[in-house]
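Descriptive structure summary
Listed below are the residues making up each chain.
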Amino acid sequence: MRAMTQKQILVVEDEEDIQELLRYNLTKDGYQVHCTGSGESGLREARKLLPDLLILDLMLPKMNGLEVCRQLKSAADTNHIPIIMLTAKGEESDIVIGLEMGADDYVTKPFSVQVFLSRVKAVLRRNQETELPESGILSFKDLQIHLGKYEVRVKDELTKLTRTEFMILEFLSRRPGWVFTRGQIVDAVRGDGYAITDRAIDFQIVGLRKKLGDVAKYIETVRGVGYRFAEI
Ligand code: CA
C-alpha cells in the first residue's frame, strides 16, 4: 500500500532507456512512478491520476509534449499539475513556448540524474518557496531587496533603481534558479503605463546589471530562453 506521503510522478517519455532510467531513480528516491510512452496516453493518464508532478518529453509520438502541456494547463482540473519538460538541444523556442504555457521547468537531454532529481525536488517544494519572508526583505549575501520600501542595497549601499528595474529584480529574485522567458517578465512588470516589449526587457536588464555592479552576476542570461536569478 502506498504511504500517504509518497508523491506520485507521471513520466511521459517514448525512449525506453530514458523512461527506465527515470523510473529507477525516482522510485529509489521514494516517489511512486507511473510511465507512459505517447502524448495521448500521457494526457489520459495525467487526467486520471492527477499526479503531483508530470515529467513530459516534448518529442512524442501521436501528440507532442507541447500539445499535452497546452491541454493540461487550459483545463481547470489539471492546470495545477507541475510540469518539467524534457527537451533536446536546440529546442529553445519550444522551451519558451512551454514555459509561457505554464510548464514549471525543463531539463535538456542528455542530463545528469543528480541534476534531474534536484529539479524534481525544487518543483515539488515550489509553493513554499514563493511565500514572502515576514521581514519583507529578500536577502542574498551582498544584495538586499526591501519590498515594502522599494529599496535595494548592494553591500549596504543604497542603489537607485527605476520602478521597472525594481520590479524585474523582485520578480526574478523571488524564485532563485528558475528560468523566466522575456514574455513572462513582460507580464510581471506590466501595468507600468507603457507597453514593454521583449527587446525592452533586454534593455532594462542591461541597465539593472550596471546599477547592481558587483552583484550583477546574480542575474544570469539563459541563452535562447530568458533570464534567471542565480541560486546563491
Ligand atoms: Ca522523445
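Residues numbered from 1 in each chain as written. Predicted model: local features only at pLDDT ≥ 70, side-chain atom pairs only at ≥ 80, totals over all residues. Heavy atoms only, no water.

1. Some points on the sheet that holds strand β5 (residues 105-108)
- Spatially, β2-β1-β3-β4-β5 is the arrangement adopted by the five strands of the open sheet, whose pairing is parallel. With partners counted over all chains shown, the strands left at the sheet margins are β2 (32-36) and β5, one partner each. Taken pair by pair, the neighbouring strands of this sheet meet at an average axis angle of 20°, ignoring direction.
- The pairing of strand β1 (residues 8-12) with β2 spans five bridges and is parallel. Across the sheet, Gln 8 pairs through a bridge with Gln 32, a residue of β2.
- Strands in contact with helix α1 (residues 16-28) are β1, β2, β3 (53-57) and β4 (83-87); relative to β2, the strand with the most contacts, it is inclined by about 170°. (Pairing = 2+ DSSP bridges. Helix = DSSP H or I, 4+ residues; strand = E, 2+ residues; numbered from the N terminus. Axes fitted to C-alpha atoms, helices over the stretch in contact; angles between N-to-C directions. Contact = heavy atoms within 4.5 Å.)

2. Examining the coordination of the calcium ion
- Coordination of the calcium ion by the protein comes from Asp 14 (OD), Asp 57 (OD) and Met 59 (O), over a distance range of 2.1 to 2.4 Å.
- Within one chain, the residues serving as donors to the calcium ion are arranged as D-x42-D-x1-M. Placement of the pair is Asp 14 in the loop between β1 and α1 and Met 59 in the loop between β3 and α3 (65-73), with a sequence separation of 45 residues. (Donors = N, O, S within 2.8 Å, 3.2 Å for Na, K, Ca; no water.)

3. Description of the packing of α1 against helix α5 (residues 113-124)
- The geometry of α1 relative to α5 is characterised by a closest axis approach of 11 Å and an angle of 60° between their N-to-C directions. Classified by the angle between their axes, α1 and α5 sit oblique to one another. Pair α1 / α5 crosses with right-handed handedness. Residue-level contacts link Leu 21, Leu 22, Asn 25 and Leu 26 of α1 to Val 113, Phe 116, Leu 117 and Val 120 of α5. (Parallel < 35°, antiparallel > 145°, perpendicular 65-115°, else oblique. Left-handed = near helix turned anticlockwise from the far one by under 90°.)

4. A closer look at the packing of aromatic side chains
- All told, the structure shown has five aromatic pairs when counted by the stated rule.
- With 4.9 Å between their ring centres and 50° between their planes, Tyr 150 and Phe 166 make a pair best called tilted. Here Tyr 150, found in the loop between β7 (143-146) and β8 (151-154), pairs with Phe 166, found in helix α7 (residues 163-173); they are 16 residues apart in sequence, far enough to count as distant.
- Members of the aromatic cluster, connected to one another through ring pairs, are Phe 140, Tyr 218 and Phe 229. (Phe/Tyr/Trp six-rings, centres within 6.5 Å; stacked < 30°, edge-to-face > 60°.)

5. Some details on unusual backbone geometry
- Residue Lys 109 is joined to Pro 110 through a cis peptide bond whose omega torsion reads -5°.
- Within the element layout of this structure, Pro 110 appears in the loop between β5 and α5.
- For Lys 62, which is not glycine, the phi torsion reads 70° and is therefore positive.
- Its place among the elements puts Lys 62 in the loop between β3 and α3.
- The class of Lys 62 is exposed, set by a relative accessible area of 72%.
- Although it is not a glycine, Asp 156 sits at a positive phi angle of roughly 70°.
- Tracing the chain through its elements places Asp 156 in the loop between β8 and β9 (157-159).
- By relative accessible area, Asp 156 is classed as exposed at 61%. (Buried < 20%, exposed > 50% of the residue type's maximum accessible area, 1.4 Å probe, protein only.)

6. Comments concerning the domain arrangement of the chain
- For the chain, the assigned domains are domain 1 (8-126) and domain 2 (137-229).
- Taking only C-alpha atoms into account, the centre of domain 1 sits 29 Å from that of domain 2.
- The interface is formed by 11 residues belonging to domain 1 together with 10 residues belonging to domain 2.
- When domain 1 packs against domain 2, the two sides together hide about 890 Å² of surface, and 60% of this comes from carbon and sulfur.
- It is Leu 99, Glu 100 and Arg 126 in domain 1 that bury the most area against domain 2; as a group they hold 48% of the surface buried on that side.
- Counting across the domain 1 and domain 2 interface gives zero salt bridges.
- Remark: the boundary between domain 1 and domain 2 carries three residue pairs in polar contact (both at pLDDT 80 or more).
- Where the side of domain 1 that touches domain 2 is concerned, the elements lending two or more residues are α4 (92-101), β5 and α5.
- Classifying every residue of the side of domain 1 that touches domain 2 by side-chain character gives six nonpolar, no polar and five charged. (Domains from an automatic or database assignment. Buried area = accessible area lost by both parts, 1.4 Å probe. Salt bridge = Lys/Arg side-chain N within 4 Å of Asp/Glu carboxyl O. Polar contact = N/O pair within 3.5 Å; in protein donor to acceptor, adjacent residues only side chain to side chain. Nonpolar A, V, L, I, M, F, W, Y, C, P; charged D, E, K, R; others polar.)

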